[in-house]
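Summary of structural features
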Amino acid sequence: MGLFSGIASFCTKAVDTVKSFFSGGSSHTYTSHSTTTYDPDRVKATQIDKERARAEGFVRIAKAVTTMQEKLNELAAQRIAIIERGTLQ
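So, here's what we can say about the structure. None of the values given here were measured: they were computed from a predicted structure.

**A short note on the overall build of the protein**
- In terms of regular secondary structure, the protein is built from 2 helices and 0 strands.
- Out of the 89 residues belonging to the protein, those deemed buried represent 1%.
- By element, 62% of the accessible surface of the protein is carried by carbon and sulfur atoms, the whole surface being about 8,800 Å².

Here you go:
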């Protein structure tokens, strides 16, 4: 009887394994839980920081454009001076 019950147990486990394989899963169930905390003040502070960084970027761009404009004005003045000297000669 021991041999027969061993073979029966083996066959039952094999059938359960095949059923599990074709049903797309195992007999074990795994669950996972995650918790997200929402802090409106922190979200608002992050939004304000992003806007502040964006504004600072615009200020840097404006300064760079102003500097470039000043240099272009200097070049234009030098060009005009060269042209005037050329026409006087």
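Next, the rest of the story.
**Quick notes on the pattern of salt bridges**
- One pass over the structure, following the stated rule, counts 1 salt bridge.
- Between D49 and R52 there is a salt bridge, with its nearest N and O atoms 3.5 Å apart. Of this pair, D49 and R52 both sit in helix α2 (residues 40-88), 3 residues apart, which is roughly one turn of that helix.
- A residue is classified by how much of its surface remains accessible, and D49, at 45% relative accessible area, is partly exposed.

**Quick look at a nonpolar patch on the surface**
- A cluster of nonpolar residues, F58, I61 and V65, forms a patch on the protein surface that exposes about 310 Å² of accessible area.
- In this structure, V65 sits in helix α2.

Parameters and conventions
All residue numbers here refer to positions counted from 1 along the written sequence of the relevant chain. With the structure being a predicted model, the display of local features is reserved for residues of pLDDT at least 70 and the display and counting of side-chain atom pairs for 80 or more, all residues being used for whole-chain, interface and lining totals. For the side-chain quantities, the full set of heavy atoms in the structure was used; hydrogens and water were omitted. Each helix is a run of DSSP H or I of at least 4 residues and each strand a run of E of at least 2, with the numbering of both proceeding from the N terminus. Under the scheme applied here, a residue whose accessible area is under 20% of the maximum for its type counts as buried, over 50% as exposed, and between as partly exposed, the area being computed with a 1.4 Å probe on protein chains only. Note that accessible areas follow from Shrake-Rupley with a 1.4 Å probe, and for residues the cover is restricted to the protein chains shown. The salt bridge criterion pairs a side-chain nitrogen of Lys or Arg with a carboxyl oxygen of Asp or Glu, the two atoms within 4 Å. To count toward a patch, a residue needs a relative accessible area above 30% and no salt bridge. Like charges then connect within 9 Å, nonpolar side chains (Val, Leu, Ile, Met, Phe, Trp, Tyr) within 5 Å.

Keep in mind these values describe shape, not function.
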